[in-house]
Protein chains: 2
Amino acid sequence: MTEKDECCSNIPDCCDMRGLLSFSILWLLTKRDMYGQELAEELGKMRGKRPNPGTLYPALQELEKRGLVEARKEGRKKFYVLAESGRMGVVEACEYFCTVYADIFREYGADE
Amino acid sequence: MTEKDECCSNIPDCCDMRGLLSFSILWLLTKRDMYGQELAEELGKMRGKRPNPGTLYPALQELEKRGLVEARKEGRKKFYVLAESGRMGVVEACEYFCTVYADIFREYGADE
DNA sequence: ATCTATATATTGGATACCCAATATGTTTAT
DNA sequence: ATAAACATATTGGGTATCCAATATATAGAT
């Protein structure tokens, strides 16, 4: 608790680690439907920093436009739901991702 | 073995998985010094596709400019070597990376 | 009604990464 | 010396992600 607020805040300054936002969003949506601010919070927990609205909302619109997610409004909240193609795509993407970076995880992941 | 040539060629079309090039380069250089074409080949094995020269060389120049790698010429080959700051940075980056995507690896990585 | 908090969205600008195509050197072979 | 092969590099154009700052719209409280 003397640490930062959430999970990992050791954001490296050597490589900016940009990328994989859409991938992370799709993966989070396999857990449950979420609206924008929930996604922002979960992304913040994962990566140590919430994405800015100017980053998040265009990404969501793009995923919606491509038919990977669908939106359902509830009051002022707009819940994003994985579409059929998104659900298949994200599994494929996760498998690819894990294969590509398997060695890195073998060395630095695992415990802790 | 009936599969594709190298490791993973199931490049997903749902999310483009762009990003992490500099990170991957730094990580490869923890294994051994490499020149451009070697890096291109190793990146091709990792990700299923070699980066184009117009992608790779600017990235290498940027890493050199920022002092994370140093270059040593041997004939026509230009070997890239992790600099001090690069070696520390890449460990930090690997730990960050593994923390951020730990859950995805737990689900889709591990065996196979 | 009006104020506040919440949630979505846009604007403008920057950087990293991606490509195809082409150009410039440097060895090696003939 | 000239050609072929190898390696590095550049050009021009595109997309995804990143930011700070601002705008709009809805809901709940008073």
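Small disclaimer: the values here were computed from a predicted structure and weren't measured.

### A word on the sheet that holds strand β2 (residues 69–74) of chain B
Pairing between the strands of a sheet comes from backbone hydrogen bonds, and it takes one of two forms, parallel or antiparallel.
Residues and elements named next belong to chain B.
Here comes step 1: Taking strand neighbours across the sheet as the criterion, the three strands line up as β1-β3-β2 in an open arrangement whose pairing is antiparallel. The open sheet is flanked by β1 (34–35) and β2, the only strands paired with a single partner.
Here comes step 2: Where β1 and strand β3 (residues 77–82) come together, two bridges link them in antiparallel fashion. When the bridges of β3 are listed, Y35 appears paired with F79.
Here comes step 3: Sitting on the sheet, helix α3 (residues 53–65) touches β2 and β3, and the angle it makes with β2 is about 115°.

### Section: the protein's contact with DNA strand D
Here comes step 1: Not every one of the 26 residues close to DNA strand D is listed here, only the nearest: A:R18, A:S22, B:R18, B:Q37 and B:Q61.
Here comes step 2: Sugar and phosphate atoms constitute 64% of the interface atoms of DNA strand D, taking the interface as everything within 4 Å of the protein.
Here comes step 3: The separation between a phosphate oxygen of DNA strand D and a polar main-chain atom of B:G36 is 3.1 Å.
Here comes step 4: A distance of 2.9 Å is found between a phosphate oxygen of DNA strand D and a backbone nitrogen or oxygen belonging to B:Q37.
Here comes step 5: Elements that contribute at least two residues to the surface near DNA strand D include exactly α1 (21–29) and α3 (53–65) of chain A together with α2 (36–47), α3 and β3 of chain B.
Here comes step 6: For the surface near DNA strand D, the leading source of residues is α3(B), giving four residues.
Here comes step 7: Residue composition of the surface near DNA strand D, by class: seven nonpolar, ten polar and nine charged.

### Some thoughts on the relation of the copies chain A and chain B
Here comes step 1: Once chain A is rotated about the relating axis by 180° and shifted along it by 0.0 Å, it coincides with chain B to within an RMSD of 0.0 Å. The transformation relating the two chain copies, once decomposed into turn and shift, fits a two-fold axis. It is A:G19 whose C-alpha, among those of chain A, lies nearest the rotation axis, at 2.3 Å.
Here comes step 2: Counting the interface residues of chain A, we find that 100% of their copies in chain B are interface residues as well, pointing to one common contact surface.

The rules behind each value
- Residues numbered from 1 in each chain as written.
- Chains lettered and ligands numbered in written order.
- Predicted model: local features only at pLDDT ≥ 70, side-chain atom pairs only at ≥ 80, totals over all residues.
- Heavy atoms only, no water.
- Pairing = 2+ DSSP bridges.
- Helix = DSSP H or I, 4+ residues; strand = E, 2+ residues; numbered from the N terminus.
- Contact = heavy atoms within 4.5 Å.
- Axes fitted to C-alpha atoms, helices over the stretch in contact; angles between N-to-C directions.
- Near = heavy atom within 4 Å.
- Polar contact = N/O pair within 3.5 Å; in protein donor to acceptor, adjacent residues only side chain to side chain.
- Nonpolar A, V, L, I, M, F, W, Y, C, P; charged D, E, K, R; others polar.
- Least-squares fit on C-alpha atoms with pLDDT ≥ 70 in both.

Note that all results are geometric; they support no functional claim without further evidence.
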